[in-house]
Amino acid sequence: VPYKMTEGNKSPKLDPALQEFYDKHNIEVSALLTASDRDEVSNASSVNPFRYRFIRLNPRYDSTETILLLKEELYGEEPKYIEWLPEDSFFALPGSFALSSSPCFQKGRIYGIDVSSGAAVSTLLSNVHDKIDPSPRDVVVQKSKSPLRVLDLCCCPGLKLCAIADLLPSGSTVVGVDISEHQLALCSKIVQKYHIDQSTRGNAEHSIGTGVNIQLFCQDGTTFGTKEAGVYNLIFDSRVALEAELSKGDRKRKNKSARGREKKRLKLIMAKELGSQGSAKIRDDRIVVHPLMILSPLLKK
């Protein structure tokens with residue numbers, strides 16, 4: 001949103017709807033900024049006034065090569081490694097960095113994701129990946145090799161969803177649920193880009209996150225997994241999407257028959273998940289939890 005400092009009190013000028021929300025709750029944004037922050041915002045451009053833009057490396061590409069390519073895009077400036085996150089993939093770039101026009105972003109080498117989302121994923125996964133090596137740039141050690149099921153409520157736009165999938169053992173499933181069909185369309189495109197599309201997903205055969213299935217449901221998260229949920233609307237399954245990607249050959253887009261086959265496969269998968277055709281009862285080992293919590297084998301028992 002447009003974010004500029006107003007004259008006089010150096011208070012940020014926000015989108016009217018956002019400003020109305022802050023006013024309603026008696027929140028003065030300028031009071032939350034330090035003196036250096038206020039100087040940064042007042043001198044910044046209206047495109048992106050913040051000091052840093054955060055990114056996460058796609059683990060299916062060589063990280064050293066990606067950092068070198070980013071350094072070239074930054075005209076020799078070194079991306080700043082985020083040391084306080086245990087995962088070895090978060091970096092800060094200058095706030096003026098144009099992510100959408102970055103070759104690294106376009107080719108799927110980097111995700112545009114905030115560190116707060118990365119912190120949430122790392123914190124929750126530490127319940128499973130329970131040993132963190134304190135040495136610099138060391139990834140979270142995967143202590144559990146058993147497949148896990150993770151439920152991400154309000155999953156859109158899908159960047160945390162991808163972060164979770166990149167860290168789980170092979171054979172795991174990440175279930176994303178969101179009530180917005182429009183936002184889920186964007187979410188499926190992001191998953192498609194980083195996990196399915198052969199030109200942007202990287203080397204899927206030599207990476208963590210390989211063999212993890214991602215499912216997207218267009219549902220109300222407050223009733224998902226309960227008797228009140230009604231008909232389950234599975235709109236995306238990464239196994240089905242990968243099959244479609246491999247079968248389309250040189251075609252840039254799926255034809256009508258391919259889309260029909262994909263919809264049929266999703267219905268068959270959903271019927272199997274539910275246990276019987278048309279039933280609204282979810283399988284017993286599917287447990288509803290708060291956003292991003294882990295379904296461990298012990299918890300399922």
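Throughout, residues of each chain are indexed from 1 in the direction in which the sequence is written. Per-residue local features of the predicted model are confined to residues with pLDDT of at least 70, and side-chain atom pairs are confined, for both listing and counting, to 80 or more; whole-chain, interface and lining totals are unaffected and use all residues. Hydrogens and water are ignored here; the side-chain numbers use all heavy atoms of the structure.

Draft legend 1. Focus on helix H8 (residues 238-247). Relative accessibility thresholds used throughout: buried, under 20% of the residue-type maximum; exposed, over 50%; partly exposed, between the two (1.4 Å probe, protein chains only). Helix and strand assignments follow DSSP, with helices taken as H or I runs no shorter than four residues and strands as E runs no shorter than two, numbered in order from the N terminus. Looking only at H8, the buried set comprises Ser 238, Val 240, Ala 241, Ala 244 and Glu 245. An end-on view of H8 places all buried positions within 160° of arc, on one side of the element. It is the directions from the helix axis to the C-beta atoms that the arc portrays.

Draft legend 2. Here's a closer look at unusual backbone geometry. In this model, Cys 156 is joined to Pro 157 through a cis peptide bond whose omega is 10°. At Tyr 75, a position not held by glycine, the phi torsion is positive, near 55°. The exposed category is assigned to Tyr 75, whose relative accessible area is 79%.

Draft legend 3. Examining the packing of aromatic side chains more closely. A pair of aromatic rings is counted whenever rings of Phe, Tyr or Trp (Trp by its six-membered ring) have centres within 6.5 Å, and the orientation is called stacked for planes under 30 degrees apart, edge-to-face for over 60 and tilted otherwise. All chains considered together, the criterion is met by 7 aromatic pairs. On the basis of an interplanar angle of 85° and a centroid distance of 6.4 Å, the ring pair of Phe 217 and Tyr 232 is categorised as edge-to-face. Taken together, the positions of Phe 217 in strand E11 (residues 213-218) and Tyr 232 in the loop between E11 and strand E12 (234-237) put the pair 15 residues apart, joining distant regions of the chain. For the pair shown, Phe 217 and Tyr 232 are each scored as buried.

Draft legend 4. Region of interest: the pattern of salt bridges. By salt bridge we mean one thing: a side-chain nitrogen of Lys or Arg within 4 Å of a carboxyl oxygen of Asp or Glu. Scanning all chains against the criterion turns up 5 salt bridges. Among the ionic pairs, Arg 60 bridges to Asp 166, the shortest N-O distance being 2.8 Å. Of the two residues, Arg 60 is situated in the loop between strand E3 (52-57) and helix H3 (63-73) and Asp 166 in helix H6 (residues 159-167); the sequence distance between them amounts to 106 residues. The residues Arg 60 and Asp 166 share a single accessibility class, namely buried. The salt bridge partner of Lys 71 is Glu 78, with a shortest N-O separation of 3.3 Å.

Draft legend 5. Structural view of the sheet that holds strand E5 (residues 90-94). Paired strands, in this sense, are two strands between which DSSP finds at least two bridges. Spatially, E4-E5-E3-E6 is the arrangement adopted by the 4 strands of the open sheet, whose pairing is antiparallel. Each edge of the open sheet is held by one strand with a lone partner, namely strand E4 (80-81) and strand E6 (110-112). In terms of strand pairing, E4 meets E5 through 2 bridges, oriented antiparallel. Residue pairing in the sheet places Lys 80 in a bridge with Ala 92 of E5.

Draft legend 6. Expanded view of the environment of Cys 156. Relative to the elements of secondary structure, Cys 156 occurs in the loop between strand E9 (149-153) and H6. The class of Cys 156 is buried, set by a relative accessible area of 15%. Contacts between residues were defined by any pair of non-hydrogen atoms, one from each residue, lying within 4.5 Å. Dropping the residues within four chain positions of it, Cys 156 is found in contact with Asp 178, Gln 183, Leu 184 and Cys 187.

Draft legend 7. Inspection of the confidence of the model for the protein at higher detail. Of the residues in the protein, 66% reach a pLDDT of 70 or more, and the chain-wide mean stands at 75. The pLDDT value tells you how sure the predictor is about a given residue, anywhere from 0 up to 100. Under a pLDDT of 50 for its full length, residues 1-10 has, in the predicted model, 28 contacts with residues more than four places off or in other chains. Ignoring residues within four places in sequence, the model shows residues 128-142, a span with pLDDT below 50, making 28 contacts including any to other chains.

Draft legend 8. Focus on the pairing of strand E10 (residues 173-178). When you tally the buried positions in E10, you get 6 out of 6 residues, the bulk of the element. As defined by bridge partners, E9 adjoins E10 across 5 bridges and the pair is classed as parallel. Bridge pairing links Val 150 to Val 174 in E10. Here the term right-handed applies to a crossover when the path leading from its first strand over the helix to its second strand runs clockwise, the strands being oriented away from the viewer. Remark: the E9/H6/E10 crossover connection has right-handed handedness. Pairing analysis gives 6 bridges linking E10 to E11, with the strands arranged parallel. Residue pairing for E11: Thr 173 is matched across the bridge by Asn 213.

Draft legend 9. Inspection of the nonpolar core at higher detail. Take the buried residues of types Ala, Val, Leu, Ile, Met, Phe, Trp, Tyr and Cys, join any two whose side-chain atoms come within 4.5 Å, and each joined set is a nonpolar core. In this structure, Cys 155, Leu 161, Leu 168, Val 174 and Leu 216 are the most contacted members of the largest nonpolar core, which totals 34 residues. Put simply, the parts of the chain that give this core at least two residues each are E5, helix H5 (115-125), H6, helix H7 (181-196) and E11. A per-element tally of this core places H6 first, with 7 residues. Sequence-distant contacts of Leu 161, defined by excluding residues within four places in its chain, comprise Asp 152, Cys 155, Val 174, Gly 176, Cys 187, Val 191, Ile 214 and Leu 216. Ranked by size, the runner-up nonpolar core spans 13 residues in total, among them Val 175, Phe 217, Tyr 232 and Met 270.

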